[in-house]
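The residues making up each chain are set out below.
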Amino acid sequence: FNILQRCKKLLELQRGEALVNESQDILDLSEEVREVGISMDLYRADNMIAMGHCYDVKLDDRKKAVTNLREALKLYMHLGSDHEVVINTLQNLGTTYFGAKRFVEALRCFQDRLLLLRRLDEKK
């Protein structure tokens, strides 16, 4: 009887270890998927920046430029608000708003950019 209890206990422990290992494998896989997703978001954001620039400078369509730059900004925020591409995108967006004579939005972008630059400076 004692041996049977020990075997059951050992089997439970092995099942527990298998579940832990399977759970770890799932976590590892989900991390890889997350990293690929972030890479794709950054790729999309980079392309949206380029499209925003083309719409603004080459095609004089600031509405589409703003749409692309705002979407890029959202995607870049995964990196953290104090990341260089976020700060640069705020500058580009502010300049585009300014060109469209949307001065309130432009000022907001420039102020946000300045705030982030000051935070970066304080960290140094």
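The model shown is predicted, which means the values in this text are computed figures rather than measured ones. (Residues numbered from 1 in each chain as written. Predicted model: local features only at pLDDT ≥ 70, side-chain atom pairs only at ≥ 80, totals over all residues. Heavy atoms only, no water.)

Asker: Would you mind going over the confidence of the model for the protein in detail, with residue names and values included?
Answerer: Here the protein averages 81 in pLDDT, while 69% of its residues score no lower than 70. When the elements of the protein are averaged for pLDDT, helix α1 (residues 2-58) gives the smallest value, 71, and helix α3 (residues 84-99) the largest, 93. (pLDDT = per-residue confidence, 0-100. Helix = DSSP H or I, 4+ residues; strand = E, 2+ residues; numbered from the N terminus.)

Asker: Could you give an account of the packing of helix α2 (residues 62-76) against α3, with specific residues and numbers?
Answerer: At a minimum axis distance of 10 Å, the contact between α2 and α3 shows a crossing angle of 160 degrees. Relative to α3, the element α2 lies roughly antiparallel. Remark: the crossing between α2 and α3 carries left-handed chirality. Only V85, V86, T89, L90, N92, L93, T96, Y97 and G99 of α3 make contact with α2, whose side of the interface consists of R62, A65, V66, L69, R70, L73 and Y76. Residues of the contact of α2 with α3, tallied by class, amount to ten nonpolar, four polar and two charged. (Axes fitted to C-alpha atoms, helices over the stretch in contact; angles between N-to-C directions. Parallel < 35°, antiparallel > 145°, perpendicular 65-115°, else oblique. Left-handed = near helix turned anticlockwise from the far one by under 90°. Contact = heavy atoms within 4.5 Å. Nonpolar A, V, L, I, M, F, W, Y, C, P; charged D, E, K, R; others polar.)

Asker: Residue-level account of the environment of M51, with values.
Answerer: Checked against the element boundaries, M51 lands in helix α1. With 13 residues separating them in the primary sequence, M51 and K64 have C-alpha atoms 8.6 Å apart.

Asker: Report on the pattern of salt bridges, specifying residues and quantitative values.
Answerer: The final tally for this structure, using the stated rule, is four salt bridges. D60 is the salt-bridge partner of R62, the closest N and O atoms lying 3.0 Å from each other. Judged by relative accessible area, R62 falls into the partly exposed class, the value being 27%. Note that E105 is salt-bridged to R102, the shortest N-O span being 3.3 Å. Residue classification places E105 among the partly exposed residues on the basis of a relative accessible area of 22%. Residue class for R102 comes out partly exposed when judged on its relative accessible area of 32%. Connected through shared salt-bridge partners, D56, D60 and R62 make up one network. (Salt bridge = Lys/Arg side-chain N within 4 Å of Asp/Glu carboxyl O. Buried < 20%, exposed > 50% of the residue type's maximum accessible area, 1.4 Å probe, protein only.)

Asker: Quick rundown of α2? Include the residues and the values.
Answerer: Its 15 residues place the ends of α2 20 Å apart at the C-alpha level, agreeing with the 21 Å of an ideal helix rising 1.5 Å per residue. Here α2 has its buried residues at A65, V66, N68, L69, A72, L73, L75 and Y76. (Expected span 1.5 Å × (residues − 1).)

Asker: An account of unusual backbone geometry is requested, with residue identities and associated values reported.
Answerer: Of note in this structure, D60 is not a glycine but carries a positive phi near 55 degrees. In this structure D60 comes out as exposed when scored by relative accessible area, which is 53%. Non-glycine residue K101 carries a positive phi angle of around 60 degrees. Inspection of the secondary structure assignment puts K101 in the loop between α3 and α4 (103-123).

Asker: Got a sec to walk through the packing of aromatic side chains? Specific residues and values, please.
Answerer: What the rule picks out here adds up to one aromatic pair. Between F98 and F103 the ring centres are 5.2 Å apart and the planes differ by 70 degrees, which places this aromatic pair in the edge-to-face class. Given a relative accessible area of 45%, F103 falls into the partly exposed group. (Phe/Tyr/Trp six-rings, centres within 6.5 Å; stacked < 30°, edge-to-face > 60°.)

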